[in-house]
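Report on the structure
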Amino acid sequence: MAIQAVIFDFGGVITSSPFEAFARYEAQRGLPTGFIRTVNSTNPDTNAWARLERSEISTGEFDAAFRAEALSLGHDVPGGDVLPLLAGDVRPGMVAALRACKAAFKIGCITNNVASEEDIGWGPSVKHILGEFHHVIESAKVGLRKPDPRIYLMMCEALGVAPAACVYLDDLGINCKPAAALGMTAIKVTGEAQALADLAAATGLRF
């Protein structure tokens with residue numbers, strides 16, 4: 001089926017990966033490498049991170065709940081320290097690519113986020129980029145988060161396309177798997193140059 005839509009994750013795709021900021025924080029605090037990711041991947045459907053992204057708890061409750069989970073794994077990390085690490089830096093090449101895709105296809109964004117964008121430092125520039133998409137789905141607003149397959153189908157319905165007509169980009173393999181299972185062309189993003197090359201190959205566009 002010909003490509004009709006390109007669907008982007010936001011953090012780690014349009015912006016630099018929060019994992020880079022996690023690593024800097026861990027190094028500064030003398031934490032084990034990958035510790036924050038370990039906390040986030042422990043009980044991934046029911047932990048503090050998952051509940052925050054579905055707006056089941058407030059950021060204040062997240063601060064305490066994440067800290068308790070981190071302490072249970074041996075280190076003291078307040079959730080309030082982690083949220084500002086999510087913002088990332090905008091990747092100009094990816095913004096140019098989404099605009100090129102918009103000229104040829106429908107474009108959407110599915111992002112696992114939190115209800116209070118101020119907590120993660122989303123300023124006017126990020127909100128302007130979000131305004132470029134034909135449709136945006138934010139986990140905190142719909143009460144679903146990736147990798148739940150329903151959130152991908154929700155986007156397909158909003159854009160009026162079949163999954164097989166979509167390219168999907170995400171920096172997490174766990175989020176690419178359900179997209180691929182639904183029939184989307186899934187691209188795992190490890191860096192800007194790689195993402196642009198793979199997106200060009202999938203769409204036939206040049207970036």
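Residues numbered from 1 in each chain as written. Predicted model: local features only at pLDDT ≥ 70, side-chain atom pairs only at ≥ 80, totals over all residues. Heavy atoms only, no water.

Re helix H1 (residues 18-29)
For H1, with twelve residues, the first-to-last C-alpha span of 17 Å sits near the 16 Å given by 1.5 Å per residue. Packed against the buried residues of H1 are helix H2 (35-41), helix H3 (48-53) and helix H5 (79-82). Of the residues that open H1, the one with a side-chain oxygen 3.0 Å from the backbone nitrogen of Phe-19 is Ser-17. Just downstream of H1 lies Gly-30, where phi reads positive at about 70°. (Helix = DSSP H or I, 4+ residues; strand = E, 2+ residues; numbered from the N terminus. Expected span 1.5 Å × (residues − 1). Contact = heavy atoms within 4.5 Å. Polar contact = N/O pair within 3.5 Å; in protein donor to acceptor, adjacent residues only side chain to side chain.)

Let's talk about helix H10 (residues 173-181)
Of the residues making up H10, those classed as buried are Asn-175, Cys-176, Pro-178 and Ala-179. Considered in projection along H10, the buried side chains sweep an arc of 165° and stay on one side of the axis. Set apart from the buried face of H10 by more than 90 degrees, the exposed residues are Ile-174, Lys-177 and Ala-181. Where H10 is buried, its residues touch helix H9 (149-159), strand E4 (166-170) and strand E5 (185-188). Positive backbone phi, approximately 110°, marks Gly-183, located one or two places after H10. (Buried < 20%, exposed > 50% of the residue type's maximum accessible area, 1.4 Å probe, protein only. Arc of directions from axis to C-beta.)

Considerations on the pairing of E4
A regular strand places its side chains on the two faces of the sheet in alternate fashion. Burial of E4 is extensive: five of the five residues sit out of reach of the surface. The side-chain alternation of E4 yields two buried faces, one formed by Cys-166, Tyr-168 and Asp-170 and the other by Val-167 and Leu-169. The pairing of strand E1 (residues 5-8) with E4 spans four bridges and is parallel. Each bridged residue has a counterpart across the sheet, and for Ile-7 the counterpart in E4 is Tyr-168. Pairing analysis gives four bridges linking E4 to E5, with the strands arranged parallel. Bridging from a neighbouring strand, Asp-170 pairs with Lys-188 of E5. Crossover handedness for the path E4 to H10 to E5: right-handed. (Pairing = 2+ DSSP bridges. Right-handed = clockwise from strand over helix to strand, strands pointing away.)

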